[in-house]
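# A look at the structure
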Amino acid sequence: MAKAVDFTYEDLAKVLDYDPLTGEFTWKVSVSSRALAGGLAGVRQRMQNGKDYLSITYRGRKMSGAQVAWLFLTKEWPDRSVFFIDENPDNLRAPNLKIAEHKAIRITGKDGKTSYKMNTEQARHYGLARSYGISYTEYAEMHARQGGVCAICGLKETSKLPGRKTKDSDSRTRDLSVDHDHATGAIRNLLCNSCNHILGEAKDNSKVLRAAADYLDRHSQKEAA
Ligand SMILES: [Zn+2]
């Protein structure tokens, strides 16, 4: 997520045009033999996730289409990732762009080089898309519909993510898990870590789970008697 672009909005706006309704970039002037005035700017490159991302090269600097779109919309380079709300990086229309709420975590290596690590929000975003095929927006909607609690026990998630303890212990609380039908792959609801494990241990067998509940009831009645 290099923001190390020397150009300002004013510099780029002289040579490039962005249409927020179509998401297309057009060269205003010819900047190279392949980037001619009036032509669409940028090339799409297939990334590891199989999706095509637009990059625009100007004076030897390769820039991400999403970052340049953000620059045109706000006149400032984004200092964090820009998301595609519909998960389609080909859709650079303004309403499809959303900036991350948190900055990426900047790491300076022993060699003095700077790199960026995904922050929790970005990791969630990409993790959800990769693991469950849903976007962060869809997740947030499900979360809101359930009132932020597990669909089985009705409680908030309390289990922590593995890893080093930090001062900000809230950031280590897991998110409710996206539970899906292992047979069909269909998404069911959001569950807490414990309830998700209960289903997993019972191999999603409702008979076993009902029998386990009856078993507990039988024994608690004995105790009460
Ligand atoms: Zn639960």
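Residues numbered from 1 in each chain as written. Predicted model: local features only at pLDDT ≥ 70, side-chain atom pairs only at ≥ 80, totals over all residues.

The next subject is the overall build of the protein chain. A count of helices and strands for the protein chain gives 6 helices and 11 strands. Looking at the protein chain as a whole, 20% of its 225 residues are labelled buried. In the protein chain, of all internal contacts separated by at least 6 residues, the share reaching a separation of at least 24 is 36%. (Helix = DSSP H or I, 4+ residues; strand = E, 2+ residues; numbered from the N terminus. Buried ≥ 20, exposed ≤ 12 C-beta atoms within 10 Å, placed from the backbone. Contact = placed C-beta atoms within 7 Å.)

Picture the strands of a sheet paired through backbone hydrogen bonds; they go either parallel or antiparallel. Read across the open sheet, the 3 strands follow the order 3-4-5; overall the sheet is antiparallel. On the outer flanks of this sheet lie strand 3 (43-46) and strand 5 (61-64), each paired with one strand and no other. With strand direction ignored, the average angle separating the axes of adjacent strands in the sheet is 40°. For strand 4 (residues 52-58) and strand 5, the ladder comprises 4 bridges, and the chain directions are antiparallel. Bridge pairing in strand 5 links Thr-57 to Lys-62. Seen against the sheet, helix 2 (residues 65-74) touches strand 4 and strand 5 and runs at an angle of roughly 80° to strand 5. (Pairing = 2+ DSSP bridges. Axes fitted to C-alpha atoms, helices over the stretch in contact; angles between N-to-C directions.)

Let us look at unusual backbone geometry. At Arg-59, a position not held by glycine, the phi torsion is positive, near 45°. Relative to the helices and strands, Arg-59 is located in the loop between strand 4 and strand 5.

With 82% of its residues at a pLDDT of 70 or more, the protein chain shows a mean pLDDT of 83. Ranking the elements of the protein chain by mean pLDDT puts strand 9 (residues 114-117) last, at 66, and strand 2 (residues 24-27) first, at 97. (pLDDT = per-residue confidence, 0-100.)

Note that soluble globular proteins tend to have their nonpolar side chains buried in a common cluster. Within the largest apolar cluster, 20 residues are counted, with the highest numbers of intra-cluster contacts made by Ile-56, Val-68 and Ala-69. Those elements that place two or more of their residues in this core are strand 1 (16-19), strand 2, strand 4, helix 2 and strand 6 (82-84). A per-element tally of this core places helix 2 first, with 5 residues. Setting aside chain neighbours within four positions, we find Ala-69 in contact with Tyr-18, Gly-23, Leu-92 and Leu-97. In terms of nonpolar packing, the next biggest core, distinct from the first, is built from 10 residues, Tyr-139, Leu-176, Val-178 and Leu-191 among them. (Core = buried A, V, L, I, M, F, W, Y, C linked by C-beta atoms within 7 Å.)

This part is about the pairing of strand 10 (residues 177-180). Pairing geometry for strand 10 and strand 11 (residues 187-191), over 3 bridges, is antiparallel. If you follow His-180 over to strand 11, its bridge partner there is Ile-187. Counted between consecutive antiparallel strands, the loop separating strand 10 from strand 11 contains 6 residues, among which Gly-185 sits at a positive phi close to 85°.

This paragraph deals with the environment of Glu-87. You can see Glu-87 is positioned in the loop between strand 6 and strand 7 (97-99). Residue Glu-87 is classed as buried on the basis of its 20 C-beta neighbours within 10 Å. Along the sequence, Glu-87 and Ile-134 sit 47 residues apart, while their C-alpha atoms lie 8.6 Å from each other.

Taken together, the 4 bridges between strand 3 and strand 4 define a ladder with antiparallel strand orientation. What sits directly across from Arg-46, in strand 4, is Asp-52. Hairpin connection between strand 4 and strand 5: a loop of 2 residues separates the two successive antiparallel strands, and Arg-59 in this loop has a positive phi of roughly 45°.

Here we come to helix 2. Counting buried positions over the 10 residues of helix 2 gives 7, a clear majority of the element. Directly beyond the C-terminal end of helix 2, a positive phi value near 70° is found at Lys-75.

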